[in-house]
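So the chains spell out like this:
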Amino acid sequence: MNELLIKNGRIIDPANNVDAIGDILVCNGRIVQVGIVKDEAGTIIDAKDKLVVPGLIDMHVHLREPGDEEEETIASGSAAAVAGGFTSVVCMPNTEPAIDNEATVDFVYRQAAAVDLANVFPAGAITKNRAGKELAEMGQMVRGKVVAFTDDGNGVQNPVVMLKALQYAEMFGKPIMQHCQDDALAAGGCMNSGYQATVLGLPGMTRLAEELMLYRDLQLTRQTSTRLHVQHITTAGSTQIIRQAKQQGIRVTAEVAPHHLLLTDEACQDYDTNYKINPPLRSRSDVKALLEAVADGTIDCLASDHAPHLSSEKELEFLLAPCGIISLECALGLYVKALIEPSIIDWPRLIQLMTIGPAGILGLDKGTLAVGSAADITVIDPHHSWRVCVEKFRSKSRNCPYDGWQLSARAVLTVVGGKIKYQLSD
Ligand SMILES: [Zn+2]
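J.: For this particular structure, what's the right way to read the coordination of the zinc ion?
T.: Distances from the zinc ion to its protein donors, namely Asp152 (OD), His179 (ND1) and His232 (NE2), fall within the range 2.0 to 2.3 Å. For the zinc ion, all donor residues lie on one chain, and their spacing in sequence is D-x26-H-x52-H. Remark: His232 occurs in the loop between strand 12 (228-230) and helix 8 (236-247) and His179 occurs in the loop between strand 9 (176-178) and helix 5 (183-186); sequence separation between them is 53 residues. Relative accessible area serves as the criterion here: at 2%, His232 is assigned to the buried category.

Encoded structure:
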């Protein structure tokens, strides 16, 4: 018997409408009791003044394996995930080669199992080699247990291909996740178009590039009964389009990334490439609209878009540097800064957006503390003041603009399948 008892914590389990002080008993990898536990066997964790929540889920991360193992691996990315309180992550298929076939899906699962830290769920590419031309072998990848399809990094430009993808996904019961961006409209841009881009003399990416594809995809989705998940939305217009689509009964869900909630295009003014991201940082009014969209339920989940890059690449000039920010190890604290400190949402809603929210979109049997479920549990100290130190990250990369930021909450214990995979030591 392998027992773990987490005692006296504030248990927040939005999937089961629980918010109460209590204990959780884990036995052989499963949650066996929630409430007041008399039994005191096995490992005992005192969670007094802490939050005990379902293991956090990040449905948008880049683990770079296969192909770019010097930037990140499934091992280093999984270590970063559990250090950030995430028990499950969904890795994007823009690897080299792309995750566009069953063998590569298998490879990801095997690597993740060997690493044995977080649950890693691969998303498969929509099109072969993410080229946007021809559908990938979606059926085979479903057999290999992909959880969703996306060409993330690129939006599917051709509406005929996109419609077909939605129709196939409907057959398989998997969501299509789209990086909404019209390539022709965004071409050549490296930051948000507008005043800041003009001042910096950099080519901009118009909001319309995101909004036009979003609008198109919603109309295509309306033709099917597939679920469309819109990745990392960034503009006030997108929030309005999604809000209306939901009112019309279109099956759409949306995510937002921490950088789009906390940073604006003004951050690019020193040409620091750690602020170069796709889709780009927008303006204050966009950030305000995104925060409102989180508050009113237009946004269904939070996702980091953890995107590691080599320092040598990020040191290129702004126009040439790759896009991406890493944040798995500080995302929770960033969401708290963006959403809880200014009282935009409360803890139960935040936990919902990071657990049952993404689990529901993906159809994963996760994000709950129900008795009988796999014991994926995160313990959070909601009053842990700490300074982000990128040098200490478990991620292999360092492209993080939050170095030195003071945050006020942190995961202190991460349990996956009943086993402690991370415990904060200081
Ligand atoms: Zn993307």
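J.: Which parts of the structure should I look at to understand the pairing of strand 1 (residues 3-13)?
T.: Consecutive residues of a regular strand have side chains that alternate between opposite faces of the sheet. The element strand 1 is largely enclosed, with a buried count of nine among its 11 residues. Two strands pair when backbone bridges link them, and strand 1 and strand 2 (residues 18-27) are joined in this way by nine bridges, in the antiparallel orientation. Bridging across to strand 2, Arg10 finds its partner in Ile21. Joining the antiparallel neighbours strand 1 and strand 2 is a turn of four residues, in which Asn17 adopts a positive phi near 55°. Looking at chain direction, strand 1 and strand 4 (residues 43-46) are connected through four bridges and run parallel.

J.: Honestly, the packing of helix 8 against helix 10 (residues 284-295) in this entry has me stumped. Any pointers?
T.: The description of two packed helices rests on the angle between their axes and on the distance between the axes. One can describe the packing of helix 8 onto helix 10 by two numbers: an axis separation of 8 Å at closest approach and a directional angle of 30°. By the angle between their axes, helix 8 is roughly parallel relative to helix 10. Of the residues in helix 10, those in contact with Ala236, Thr239 and Arg243 of helix 8 are Ser285, Asp286, Ala289, Leu290, Glu292 and Ala293. In the contact of helix 8 with helix 10, the residues fall into four nonpolar, two polar and three charged.

J.: So what exactly am I meant to see when it comes to the domain arrangement of the protein chain here?
T.: Where the parts come together, the accessible area they lose is often given as the size of the interface. Domain boundaries assigned for the protein chain yield domain 1 (3-51 + 374-423) and domain 2 (54-362). The straight-line distance from the C-alpha centre of domain 1 to that of domain 2 is 25 Å. Counting residues at the interface gives 37 residues for domain 1, matched by 52 residues for domain 2. It is Lys396, Asn399 and Tyr402 in domain 1 that bury the most area against domain 2; as a group they hold 19% of the surface buried on that side. Seen at the junction of domain 1 and domain 2, the total is one salt bridge. Along the contact surface separating domain 1 from domain 2 lie 18 residue pairs in polar contact (both at pLDDT 80 or more).

J.: For this particular structure, what's the right way to read the environment of Pro308?
T.: With respect to the helices, strands and loops of the structure, Pro308 is situated in the loop between strand 14 (301-302) and helix 11 (311-314). Not counting the four nearest positions on each side in its chain, Pro308 is found in contact with His62, Arg64, Glu71, Glu72, Ile326, Ser397 and Asn399.

J.: Would you mind showing me how to read unusual backbone geometry here?
T.: Glycine aside, the phi torsion of most residues is negative, and most peptide linkages are trans. The linkage connecting Glu65 with the following residue, Pro66, adopts the cis geometry, with an omega of 10°. Cis geometry marks the peptide bond from Asn278 to Pro279; its omega dihedral reads -5°. Among the secondary structure elements, Pro279 is positioned in the loop between helix 9 (258-262) and helix 10. Phi at Arg64 is positive, roughly 65°, even though this residue is not glycine. You can call Arg64 buried: its relative accessible area is 9%.

J.: Would you explain the packing of aromatic side chains in this entry?
T.: For any pair of aromatic rings, the description rests on two quantities: the centre-to-centre distance and the angle between the ring planes. Tallied over the full model, the rule gives one aromatic pair. When the ring of Tyr402 is compared with that of Trp405, the centres are 4.9 Å apart and the planes differ by 80°; the resulting orientation is edge-to-face. Positioned over the ring face of Trp386 is Arg410, at 3.9 Å from the centre of the ring.

J.: What exactly am I supposed to notice about the packing of helix 7 (residues 207-222) against helix 8 here?
T.: As a packed pair, helix 7 and helix 8 sit with axes 9 Å apart at the nearest point and diverge in direction by 10°. Accordingly, the angle class assigned to the pair helix 7 and helix 8 is roughly parallel. Along the contact surface, helix 7 presents Glu210, Glu211, Leu214, Tyr215 and Leu218, while helix 8 presents Gly237, Ser238, Ile241, Ile242 and Ala245. When grouped by side-chain class, the residues that make up the contact of helix 7 with helix 8 number six nonpolar, two polar and two charged.

J.: Teacher, can you tell me more about the sheet that holds strand 9 here?
T.: Strand pairs in the sheet, formed through backbone hydrogen bonds, run parallel or antiparallel to each other. Strand order in the open sheet formed by four strands is 9-12-13-14, and the pairing between neighbours is parallel. Each edge of the sheet is formed by a strand with only one pairing partner; in this case those strands are strand 9 and strand 14. Examined bridge by bridge, strand 9 and strand 12 share three bridges and lie parallel to one another. Note that in strand 12 the partner of Ile176 across the bridge is Leu228.

J.: Is there a simple way to think about the nonpolar core in this case?
T.: A general tendency of soluble globular proteins is for nonpolar side chains to be buried together. Within the largest apolar cluster, 93 residues are counted, with the highest numbers of intra-cluster contacts made by Ile176, Leu339, Trp347, Leu350 and Ile377. Here this core gets seven residues from one element, more than from any other, and that element is helix 12 (residues 331-340). Residue contributions to this core reach at least three from each of two domains, namely domain 1 (3-51 + 374-423) and domain 2 (54-362). Residues contacting Leu339, with those up to four places away along its chain left out, are Leu261, Leu291, Val294, Leu302, Ile344, Ile345 and Leu350. Judged by nonpolar contacts, the second largest core, of 22 residues, contains Leu263, Ile277, Phe318 and Leu407.

So, how was this worked out
Residues numbered from 1 in each chain as written. Predicted model: local features only at pLDDT ≥ 70, side-chain atom pairs only at ≥ 80, totals over all residues. Heavy atoms only, no water. Donors = N, O, S within 2.8 Å, 3.2 Å for Na, K, Ca; no water. Helix = DSSP H or I, 4+ residues; strand = E, 2+ residues; numbered from the N terminus. Buried < 20%, exposed > 50% of the residue type's maximum accessible area, 1.4 Å probe, protein only. Pairing = 2+ DSSP bridges. Axes fitted to C-alpha atoms, helices over the stretch in contact; angles between N-to-C directions. Parallel < 35°, antiparallel > 145°, perpendicular 65-115°, else oblique. Contact = heavy atoms within 4.5 Å. Nonpolar A, V, L, I, M, F, W, Y, C, P; charged D, E, K, R; others polar. Domains from an automatic or database assignment. Buried area = accessible area lost by both parts, 1.4 Å probe. Salt bridge = Lys/Arg side-chain N within 4 Å of Asp/Glu carboxyl O. Polar contact = N/O pair within 3.5 Å; in protein donor to acceptor, adjacent residues only side chain to side chain. Phe/Tyr/Trp six-rings, centres within 6.5 Å; stacked < 30°, edge-to-face > 60°. Lys NZ or Arg CZ within 6 Å of the ring centre and 35° of its normal. Core = buried A, V, L, I, M, F, W, Y, C linked by side-chain atoms within 4.5 Å.

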